[in-house]
Amino acid sequence: MKIKMKNVPLSFALQTDKPRHKAPKKPNILFRTLVRLLSIPDMLNTRFSYTLDENLKIGKEPYFILMNHSSFIDLKIAFKILYPKPFNIVATTDAFVGKGWLMRNLGCIATQKFVTDVTLVKDIITAVKKNKTSVLMYPEAGYTLDGRATKLPRGMGKLFKKLDVPVLSIITDGAFLREPLYNGLQSRKIKVSAHVKCLLTLQEVRSKTIEEIDEILDKEYSFDSFKNQYENKIHITEKFRADGLHRILYKCPECLAEGEMEGKGEKIRCNKCGKIYYMDTLGRLGAVNGKTQFSDITDWYDWQRSCVKEEIKNSDYNSEMQVDIGIIRDYKALYMVGSGTLIQNQNGFTLKGCDGKLNYSQSHKTSYSLNADYFWYQIGDVIGIGDKEALYYCFIKDGSSVTKARLAAEEIYITMVEEGNFKV
């Protein structure tokens, strides 16, 4: 998948008219059928199957439907399970670029990822209450990087109570292993399945507290794809399975160097100290030379998080990344406006560039997580920041890790906001 791009001056991009808000449309049956038909090849290739909780029957009434976000196949899975039931889809604004008319007819509701959006809540309520359609949402907002749930927002129960409808959950199994984001859009031969359950009945939506609903969501989003692969002996034999693994594992546990890891073929190595790990067909790591510090990818990932947390605790965290800058304001194009420097520290983000014409700052309080993506629209690894006025897509040029940036954003938010430590 690609996105329409234009090279323009910064002034042009910032003066484009923002799209006029339109209420969500009830999805067109012809477009829903088309997507369902286009989904058939992937459903066959993955031998897709799904199960429903005992006694669960998806009726005609509206539901709020939550689904985990693991792969580009996710939406096709949703249409396989839910068709012909009409449902609106909460989608990011970049998905509308160059195809806004199509996305609206599919029932998509535009929102800005990790940006506070009161209009989105109103649109979801309109879809459910006025249009009498269900709404599908990926509460993680971003794709999983390491096969586990991305940090969830707190207080989702407030929205559930406003909607006053049952909440369904669709959790996929195998979608991440088939096409992990780090692997550069290379598909593996993996069976994919899903389980559908009633996460909250209407009575439970009404009776449970916001905190109780948060606990239910956390439990539902406690999956671990690599652990599941190992425990269920799911062998991935493709020789490219470690390609891009350094996107997740950016720090060497041997020499502690960052940005020197390189995942290629079946191995990941540190180009500074020469340490090499082999990735077996069950997703486990073993050192080719020396001691195996981490055999589990998620353990390595968690160790990196702990290192970032320590930097923040000691007020040592500061990152300067050289980037190419894209801007989205309307749905006509991703406007490439030049290059610059993206600075991340305990105050948040500062983006400077375009020969001194751009200077945008974003507080660490803005969001609990960060829009960080690998090989975004086949352009490159990207960090997205911004507000209602404009979204800035910063494409990394110097090998800096977008994974570390996301970990840092989450840990800074926890330290500075949730724990109330505002020392910077």
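Anything mentioned here points back to the structure above.
Residues numbered from 1 in each chain as written. Predicted model: local features only at pLDDT ≥ 70, side-chain atom pairs only at ≥ 80, totals over all residues. Heavy atoms only, no water.

**Structural notes on the packing of helix 2 (residues 29-45) against helix 3 (residues 74-82)**
And step 1. At a minimum axis separation of 9 Å, helix 2 and helix 3 run at an interaxial angle of 110°. Taken together, helix 2 and helix 3 sit at an angle that is classed as roughly perpendicular. The element helix 2 and its partner helix 3 pack so that their crossing is left-handed. The residues of helix 3 that touch helix 2, namely those facing Arg32, Val35, Arg36, Ser39, Asp42 and Met43, are Lys76, Ile77, Phe79 and Lys80.
And step 2. A class-by-class count of the residues in the contact of helix 2 with helix 3 yields four nonpolar, one polar and five charged. (Axes fitted to C-alpha atoms, helices over the stretch in contact; angles between N-to-C directions. Helix = DSSP H or I, 4+ residues; strand = E, 2+ residues; numbered from the N terminus. Parallel < 35°, antiparallel > 145°, perpendicular 65-115°, else oblique. Left-handed = near helix turned anticlockwise from the far one by under 90°. Contact = heavy atoms within 4.5 Å. Nonpolar A, V, L, I, M, F, W, Y, C, P; charged D, E, K, R; others polar.)

**Quick notes on unusual backbone geometry**
And step 1. Residue Pro84 follows Tyr83 across a cis peptide bond; omega there is 10°.
And step 2. Mapping Pro84 onto the fold places it in the loop between helix 3 and strand 4 (87-92).
And step 3. Here Leu185, not a glycine, exhibits a phi torsion of approximately 65°, which is positive.
And step 4. Here Leu185 lies in the loop between helix 7 (175-178) and strand 8 (193-200).
And step 5. The exposure class of Leu185 is partly exposed, given its relative accessible area of 29%.
And step 6. The phi dihedral of Cys354 falls on the positive side, at around 55°, and the residue is not glycine.
And step 7. The class for Cys354 is buried, based on a relative accessible area of 7%. (Buried < 20%, exposed > 50% of the residue type's maximum accessible area, 1.4 Å probe, protein only.)

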